[in-house]
Structure formats: structure tokens, C-alpha cells
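# Commentary on secondary and tertiary structure
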Amino acid sequence: MIVAGPASTHLAKKVASLSGLKNIELEHKLFPDGESYFRVRSQIDKDHIFVFQGTHPPQNSNLLQLMLIVDGLKGLGVRRVSAVVPYLAYARQDRRFLEGELVSLDTVLKMLKASGLDKILTFNIHSPKTLETSPIPVENLDATGLIASHLLQAGVHRPLVISPGKKGEEMASEVASILETDYAVVTTDRDRATGHVTVSLDADPRGREVVFVDDIISTGGTAIGAVQLCKARGAERVIVCCVHALLVDGADRKLMDSGASFVLATDTVPNEYGVASVSGLLAARLTRELS
Ligand code: R5P
């Protein structure tokens, strides 16, 4: 049985219809002072429930709602609660980059554990290594192949695939191998104080169709830097892809203004470019767990 939290009703519905699992939407309202009220009006499975609640922006309230739902279901007698959290908030603050910084991901995982949550299923967490010390089991699903399949369907032919950061190589090489093409890593240097990203690329995009792929696009700063660099070096067009399309502060508009041809994303976060739905992967995963 699926219980849909307010942040991920879109995905819960799709997964329920693909998997045949029953989907229960919680009654939810906000009190005038902003506090959340939840009520379960249907009969629930007391054995195992999958709560769907992403923690994309507004992440603080989505996180708290997730904890309220999990603890509340446990209070109603549910034995096991797993959460499908397609985008896990605070995953980028997984270590102390500057002296005195708080490692927020650790706190989030501890709070979720304390709420009674038994397991988290998420997609493309920023740094999978951090999960080795998680106090709660986290299964990290991968939507990279899904993006590549959609590019194939869109007729993208032998592009140069580029991806940023140290782990970019893994993502770029996976997409490139599905598209049977070459790839390169975009080197990034982020100013920790201002957030400004400087990018460089050791490959020749001249006359090429370029696919930029990243796990998260938030402000769009990294992607915009890569698009501008490729266009300045003569790329024919640049397609921007990501798993988690946070797209804060009009990042999509800024991307198009910088010369991107189009944006392709998954629906881990509700967004208008999320054509590569993770619902099929989730339906298969949940069905397997229950069989
Ligand atoms: C960073 O390590 C991530 O993979 C993304 O590149 C980053 O989070 C994107 O953020 P923004 O869109 O704000 O540049």
C-alpha cells in the first residue's frame, strides 16, 4: 500500500497505477498558523506501507511532514514504514567543507530514523558514499539510464556527453555508452562563500550536439557555465539534462537565455520538464519488494 504525502502525490498516483498497489491520499490541511494537519480516512495495511514524500523545496516543511506522517502511521499501528523520497534534501551538505559547518545530512538521517522510518528509497543521491554510515538503510536508485533512453527516443544522435564534478565521469560514461558516443568531464570550481561556479572542459564541442547531464540542477549556475562554454567554442546545440530539477529562481529561463536548446529531466521533483518518469522503475522496485 502506498500513502501519498502532499509533496509527491504526482508520483504516487503514477506508481500506483503501474504497480496495482493501492494509493491512499492523506487528508491534509494547513492551520492558519502554518502547521500541518493530517488524517488517515481509509483502512490501512498494518504490515508495510510505502510513504511517498519528496524533500525538494520547500524542503524544511516537506521533511517535517515526512516525519509527521511516518511517526503518525507507526502510532496507528503500522509495523514497517518505508519512504520513497525521490529527492533527498540536504544531501549536498554531507561533510564539513569549511571549518565549523554543520553536517546537515547526518542530522536529517538521524531525525528520520528517530521518527520510526525503517528504510528510504531515493534516486541519485549526491554522494552515495555518505550512505555507508547512515543510521537508516538508504537504497539509492539510478535514473541515469532513463535520461539516456529519452534522449535516444528524442532522436539525439552521437552527441558529446559532458557531466560536471568528480563523479561526473560515471554519469557521463553511462549516458555515453547507451548513446554509443564519447564523453568528457566538466571540471568545476565552486566558490564556497558566493556559490559561484567556474567551469572548464577538456574536449572539443565544435560543430557537435552536446548533452550536459547532472544529478541536480538547482540555481542552474553549473549548467549555464557549461552551456556558455560549449556555445562559445562552437557547439551546435546543447541539451541540458538532470535527474533532480530543482530549478530555483527561474533557473530554466536563465538556462534557455544562456543558449540551451531544451531541458530534459525526471519527475523526482515536480517540474514541467520531467518527461523521463521514474514511476516505472519505482513500480518494478516496489512490486519486487512485496513479492
Ligand atoms: C554538484 O556537485 C552537483 O552535482 C550539481 O552540479 C550542483 O548541485 C548544481 O547546482 P547549481 O545548479 O546551483 O549549479
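Everything below is about the structure shown above.
Below is a summary of the structure that appears in this document. (Residues numbered from 1 in each chain as written. Predicted model: local features only at pLDDT ≥ 70, side-chain atom pairs only at ≥ 80, totals over all residues. Heavy atoms only, no water.)

Before going further, it helps to spend a moment on helix α6 (residues 221–232). Taking 1.5 Å as the rise per residue, α6 with 12 residues should run 16 Å; its terminal C-alpha atoms sit 16 Å apart, in good agreement. Buried residues of α6: T222, A223, I224, G225, A226, V227 and C230, and no others. Looking one or two residues beyond α6, the residue adopting positive phi is G234, at roughly 95 degrees. (Helix = DSSP H or I, 4+ residues; strand = E, 2+ residues; numbered from the N terminus. Expected span 1.5 Å × (residues − 1). Buried < 20%, exposed > 50% of the residue type's maximum accessible area, 1.4 Å probe, protein only.)

Turning our attention to the side chain of D252. The residue D252 is located in helix α7 (residues 251–257) in this model. No salt bridge forms around the buried D252; measuring N to O, its nearest opposite-charge neighbour R253 is 6.3 Å away. (Lys, Arg positive; Asp, Glu negative; His and termini not counted. Salt bridge = Lys/Arg side-chain N within 4 Å of Asp/Glu carboxyl O.)

Each pocket or cavity is described by its volume, and for the largest pocket that value is around 1200 Å³. Around the largest pocket, the lining comprises 41 residues; the ones closest to its centre are R92, F97, H126, R190 and R192. Listing elements by their share of the lining of the largest pocket, those giving two or more residues are β10 (183–190), β12 (209–217) and α6. When its residues are assigned to classes, the lining of the largest pocket shows 16 nonpolar, 13 polar and 12 charged. Reported here for the second largest pocket is a volume of approximately 250 Å³. Residue lining of the second largest pocket: 14 residues in total, with N124, P128, D142, K167 and E170 positioned closest to the centre. Secondary-structure elements contributing two or more residues to the lining of the second largest pocket are β8 (138–141), α5 (168–179) and β12. Here the lining of the second largest pocket is composed, by residue class, of 4 nonpolar, 4 polar and 6 charged. (1 Å grid on protein atoms, 1.4 Å probe; cavity = no way out; pocket = protein on both sides within 12 Å on 5 of 7 lines; lining within 4 Å. Points joined across faces, edges and corners; volume = space filled by probe spheres on them. Nonpolar A, V, L, I, M, F, W, Y, C, P; charged D, E, K, R; others polar.)

Pairs of packed helices are described in terms of their axes, by the angle between the two and the distance that separates them. One way to put it is that helix α4 (residues 144–153) packs onto α5 with a least axis distance of 9 Å and a crossing angle of 40 degrees. Regarding the angle of α4 to α5, the classification is oblique. The element α4 and its partner α5 pack so that their crossing is right-handed. Contacts between α4 and α5 involve T144, G145, A148, L151 and L152 from the former and M171, E174, V175, I178 and L179 from the latter. Of the residues belonging to the contact of α4 with α5, the class tally is 7 nonpolar, 2 polar and 1 charged. (Axes fitted to C-alpha atoms, helices over the stretch in contact; angles between N-to-C directions. Parallel < 35°, antiparallel > 145°, perpendicular 65-115°, else oblique. Left-handed = near helix turned anticlockwise from the far one by under 90°. Contact = heavy atoms within 4.5 Å.)

Right, let's get into the site of the ligand. Taken together, 13 residues are adjacent to the ligand, and R92, D214, D215, T219 and T222 come closest. A distance of 2.6 Å is found between an oxygen atom of the ligand and a side-chain nitrogen or oxygen belonging to D215. S218 has a polar backbone atom sitting 2.8 Å from an oxygen atom of the ligand. Protein burial of the ligand: of its 380 Å² of free accessible surface, 88% is covered by the chains. (Near = heavy atom within 4 Å. Polar contact = N/O pair within 3.5 Å; in protein donor to acceptor, adjacent residues only side chain to side chain. Areas by Shrake-Rupley, 256 points an atom, 1.4 Å probe, with all protein chains shown as cover.)

This brings us to the packing of aromatic side chains. In the structure shown here, the tally under the stated rule is 1 aromatic pair. The interplanar angle of 85 degrees and the centroid separation of 5.8 Å between the aromatic rings of F31 and Y37 together place this pair among those described as edge-to-face. For the cation-ring pair, K29 lies above Y37, with the distance from its terminal atom to the ring centre recorded as 4.7 Å. Looking at R192, its charged tip hangs above the ring of F97, at a distance of 4.0 Å from the centre. (Phe/Tyr/Trp six-rings, centres within 6.5 Å; stacked < 30°, edge-to-face > 60°. Lys NZ or Arg CZ within 6 Å of the ring centre and 35° of its normal.)

Enumeration over the complete set of coordinates arrives at 1 cavity of 30 Å³ or more. By volume, the largest cavity amounts to about 40 Å³. Class assignment for the residues of the lining of the largest cavity results in 6 nonpolar, 4 polar and no charged.

On to the pattern of salt bridges, then. The tally for this structure, following the rule as stated, stands at 14 salt bridges. A salt bridge links E289 to K119, with the shortest nitrogen-to-oxygen separation between them at 4.0 Å. Taken together, the residues E289 in helix α8 (residues 279–290) and K119 in strand β7 (residues 119–123) connect sequence positions 170 residues apart. Close ionic contact of R285 with E139 constitutes a salt bridge, the shortest N to O distance being 2.6 Å. In this pair, R285 is assigned in helix α8 and E139 in strand β8, connecting sequence segments 146 residues apart.

As a further point, take α8. With 12 residues, α8 extends 16 Å between its outermost C-alpha atoms, agreeing within 8% with the 16 Å of an ideal straight helix rising 1.5 Å per residue. When α8 is considered as a whole, its buried residues turn out to be S279, L282, A283, R285 and L286. In a view along the axis of α8, the buried residues occupy a sector of 165 degrees, so they form one face of it. Against the buried residues of α8 lie β1 (2–4), α1 (9–19), β5 (48–52), β6 (80–84), β7 and β8. (Arc of directions from axis to C-beta.)

So, about the state of the cysteines. In this structure the tally under the stated criterion is 0 disulfides. In this structure C230 is not part of a disulfide, and its nearest cysteine sulfur, from C241, lies 13 Å away. Relative accessible area serves as the criterion here: at 0%, C230 is assigned to the buried category. This cysteine, C241, is not joined by any disulfide, and C242 carries the nearest cysteine sulfur, 7.8 Å off. Accessibility expressed as a relative area gives 0% for C241, which makes it buried. (Disulfide = S-S within 2.5 Å.)

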